[in-house]
Amino acid sequence: NNETPPAHASHGCSQPKKPAPKWAAPIPSPPKSHNHCAEVLVEQPFDAGEFALRLLEIYNAPKATLTKLRKGTQNKGEQPADLLWARKLYFRPAAKGLVAQTLDALKDLKATKSQKPRFLFATDGQEVSTLDLKTDETLHCDFAKLNDHFDFFLPLAGIDKYEAVKENPADIKATGRLAKFHDEVVRHNPEWDTDAKRHALNQFMTRILFCMFAEDTGSFPEDLFVKTITEFGGGDGEHLQSLLKQIFDVMNIPGKQRSDIPAHINAFPYVNGGLFAEASQVPVFNRRARRILIEAAQLDWREINPDIFGSMIQAIVHPDMRGDLGMHYTSVPNIMKVLQPLFLMPLEEEFAEAHGHREERSRLTKLLTRISKIRVFDPACGSGNFLIIAYRELRTLEMRVFKRLEELDEGQRAHRWTGVKLSNFYGIELADFAAETAKLSLWIAEYQMNQRFKDMFGEAPPNFPLTDGGHIVCGNALRLDWKLICPRPTKTVKKQKIFDLATVVPVHATEEIVDDEIETYIVGNPPYVGGKKQNKEQKEDMMLVFGAANQHKNLDYICGFFKKAAAYLEGRDRLAFVTTNSVNQGTHVPTLWPQISQHGVEIFFGYAPFSWSNNAANNAGVTCTIIGLRKEGRDLKHLFGENTFRIARNINYYLVDGPDLIVDTRSSPLSSVPRIITGNAAYDGGHLFLNEEERAGILKTNPEADAFILRASGTSEFIDGDRRWCLWIDDDQLPMAEQIPAVRDRIAAVLKDRKEGGEVALTLLNRPHQFRYRNRPVDAQILVPQVSSERRRYIPVGLLDHSTIVTHLAFTIFDPGMATFSILNSTLHNIWIRAICGQLETRIRYSTTLGYNTFPVPNLSSAQSESLETHAWEIISQRDNNPGRTIAWLYDPDTMPSALLDAHRALDATLERIYIGRPFRNDSERLECLFELYAEMTADKKQQEAVNA
């Protein structure tokens, strides 16, 4: 289409897709007919001589290779029935019931070691056992179900399976083995896959995990668990149910109370700690479940990381989470963003200040006492990551203090074990299995820290019996009383000496008071669910927290956690949550923060928005911030950015160093800028709009229709360059328009839709040829998109002539001065909108009443306005220098032309000198200035309104 766009319009066309470069590597062909061939393979009678060849054929093995394998010239197998294709597959048919044993035999063969096949495969036509030697993954399934695992063998076709996480293969391998074990238990015990048995299954899995970890870390005698289940569980697993129940039960019996217990059961120690206190329930085993359990127990469990593994094993009982096992944990660096400013940094400062002080020993002893009295509470703890890292960091600091005391005492040990108890760690978790996992992960973390203690000081506390574990409660955190879950600890104090009047003997009266030396830190990453996406139960949760006034209906679900936490805080308690940055933007601020502040709390640290993600290679992050709350005080406050932090005078609800204020919506601009309105809404059922082809069809037979077919633009048309048109018919043009059949039919369709519409539509029946609103400029207009990508450095604002109709999907300013165009295209305006208006998903959402009308602009002199107008025309010129390019392309950070970027930067420099006489150093300084100016201007407005009243 060679038609020239309207003057000053910033439209363009989509770019054609480029062909793939000639040097691009070919993608391996998928296996033939995919699962269909696999289904045919397993549905036919099992033929031990042909099965492996047909399997390889499905996965695109070359015909020449198959011929050589069939003739035996390329087959390296050790037995006549074997098929061994070097570096690919070693197949051996098994005798009935000996599939697993056959696979074991293949592992140790000389041919396996020399020919290095990727897969070992054994089957008797009823069961399948196979091993991927590269990934050490096993597959045990019924022969008839082999097609369900089609992707397991994709490497045979040259398509390698994606490995999501590289950080710790032990975690991934262990999780995969346990997932298979869980699935086989449920498959063989379908009644265990019900709500009635959910807790029993979860508890059974965590006890199995504990036993496997304990035997590899020296807590049990070496290989005690795996040897016992192998030797006494029965060849087909028929004795495992009773055996495991005896093992679990005996670990809840102290040694002195045991009698008449078989030696192989009595070998298991008394564990205590609550892990085996509840009556044991154990499912029935079959041969495959036994096999998978033994394989899992043979792994080295010493290498697992409790902070990572705890989250990952949730995938065991949630198969939908298994697509990428590495995505379901939060990285330690991100957790430390919460813990360091909350309490670790102050503790480190206290440790550093003690060094070299004349009362260093006394100060360090006080620090140890303080560390021992710290409690950490995560009301949405998941599998306990925050609690585990907090425990580990406190133990680490405590050991450093112990080491320093030893240095001061010339090597003499002045301590006995640790004052950091698991009983000081509290959590609430909605999912039963995650709650059980959190308890187990804390025990694992305790063991590993005790080993570090032993490495540093030569001895460690005994592994068993366990002391009390963490206080993890399974339940709905927004419906539970947090002060019952994590109660205020008390201490007994003596009062004055009094006399018992009956005996005239002096006694001491005592009193229980709250221990004001206890510090409780609430931490976590509560769930993010927008107000409109909450289910019925979540909406009820929010009403219970905020009351029935219904002000909370648009708040994110995490706001309920902030509200309960603010009510909980007392004395030295503090809170830090990872949260969506929406809680500091848009309508969340006036709705949420007045209710938070009524509890007498303040923000004492905050993070600039960042992508909260995990360590998985293909993770998907969400834009978050971290907010710390405490009771109001005079201690320093900190604002954190990427690898930076600074002291703030005050942190307001927008996480800006500025006055405590709330930006309220305004119906008119605060500054001397023109009025902005929403574009024209049609209420037409779509019949007044035309695409390119429909417009061309009408103009081909009725060129006079060009007078009332006008260009239409909302946000997407402006940003993406899409061409859209509309019928814009004045009353005096109606007779001509009705002479055109296609137009007449559209007008009739509009009338029909409006008759069937609501109250507004019924008021428009007398003019079905027109939009509901009909606003047009005299000369030109500014188009402001309703939504813009968060990646853009600027909100791209367009200048259109009067012949384009701006729809209700964009905002418009009629016949503006070009200084306004510059202001709206500036960095200052962009960061104000980001901070005040909030986001739609991750995109910037523009609001006229909250963003545009509140934006503070100083009064401009004539010279300043002229300078800004010059910059406006330069930006338009640079856009026009890229014909055919869309606004999306022009403002993509990866493709934005340097000349256009320079034009924007020059505008920013001029505008910012108007504000403070020089360019701002960073966005934080920009926001602080804007908030101060907003505070001044709103105060002046109120004062003027009072004078006028």
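Residues numbered from 1 in each chain as written. Predicted model: local features only at pLDDT ≥ 70, side-chain atom pairs only at ≥ 80, totals over all residues. Heavy atoms only, no water.

**Description of the packing of helix α7 (residues 195-216) against helix α17 (residues 432-457)**
For step 1, the next point in the chain: Where α7 meets α17, the closest approach of the two axes is 9 Å, and the angle between their N-to-C directions is 15°. One finds that α7 runs roughly parallel with respect to α17. For the pair α7 and α17, the sense of crossing is right-handed. In this structure, α7 uses R198, H199, N202, Q203, M205, T206, L209, F210 and F213 to contact α17, whose residues at the interface are D432, F433, E436, T437, L440, I444, Y447 and Q448.
For step 2, the next point in the chain: The residue inventory of the contact of α7 with α17, partitioned by class, reads eight nonpolar, six polar and three charged. (Axes fitted to C-alpha atoms, helices over the stretch in contact; angles between N-to-C directions. Helix = DSSP H or I, 4+ residues; strand = E, 2+ residues; numbered from the N terminus. Parallel < 35°, antiparallel > 145°, perpendicular 65-115°, else oblique. Left-handed = near helix turned anticlockwise from the far one by under 90°. Contact = heavy atoms within 4.5 Å. Nonpolar A, V, L, I, M, F, W, Y, C, P; charged D, E, K, R; others polar.)

**Focus: the side chain of D573**
For step 1, the next point in the chain: Summarising the element assignment, D573 is placed in the loop between α20 (558-568) and β12 (574-580).
For step 2, the next point in the chain: Owing to a relative accessible area of 2%, D573 belongs among the buried residues under this scheme.
For step 3, the next point in the chain: A polar contact of 3.2 Å, which involves the side chain of D573, links it to the backbone nitrogen of T520.
For step 4, the next point in the chain: Beyond its immediate chain neighbours, meaning those up to four positions away, D573 contacts R488, I518, E519, T520, Y568 and R630. (Buried < 20%, exposed > 50% of the residue type's maximum accessible area, 1.4 Å probe, protein only. Polar contact = N/O pair within 3.5 Å; in protein donor to acceptor, adjacent residues only side chain to side chain.)

**Focus: the confidence of the model for the protein chain**
For step 1, the next point in the chain: On average, residues of the protein chain carry a pLDDT of 85, and 86% of them reach 70 or more.
For step 2, the next point in the chain: Ranking the elements of the protein chain by mean pLDDT puts helix α1 (residues 35-43) last, at 56, and strand β26 (residues 810-814) first, at 98.
For step 3, the next point in the chain: Within the model, the stretch residues 1-36 combines pLDDT values under 50 with 61 contacts to residues more than four positions away or in other chains.
For step 4, the next point in the chain: In the model, residues 161-168 has pLDDT below 50 throughout and makes 23 contacts with residues more than four positions away in sequence or in other chains. (pLDDT = per-residue confidence, 0-100.)

**What about the sheet that holds strand β25 (residues 804-806)?**
For step 1, the next point in the chain: Spatially, β19-β21-β20-β25 is the arrangement adopted by the four strands of the open sheet, whose pairing is mixed. For this open sheet the edge positions go to β19 (689-690) and β25, each flanked by a neighbour on one side alone.
For step 2, the next point in the chain: The sheet contact formed by strand β20 (residues 709-713) and strand β21 (residues 724-727) spans four bridges and is antiparallel. Looking across to β21, one finds that I709 is bridged to L727. (Pairing = 2+ DSSP bridges.)

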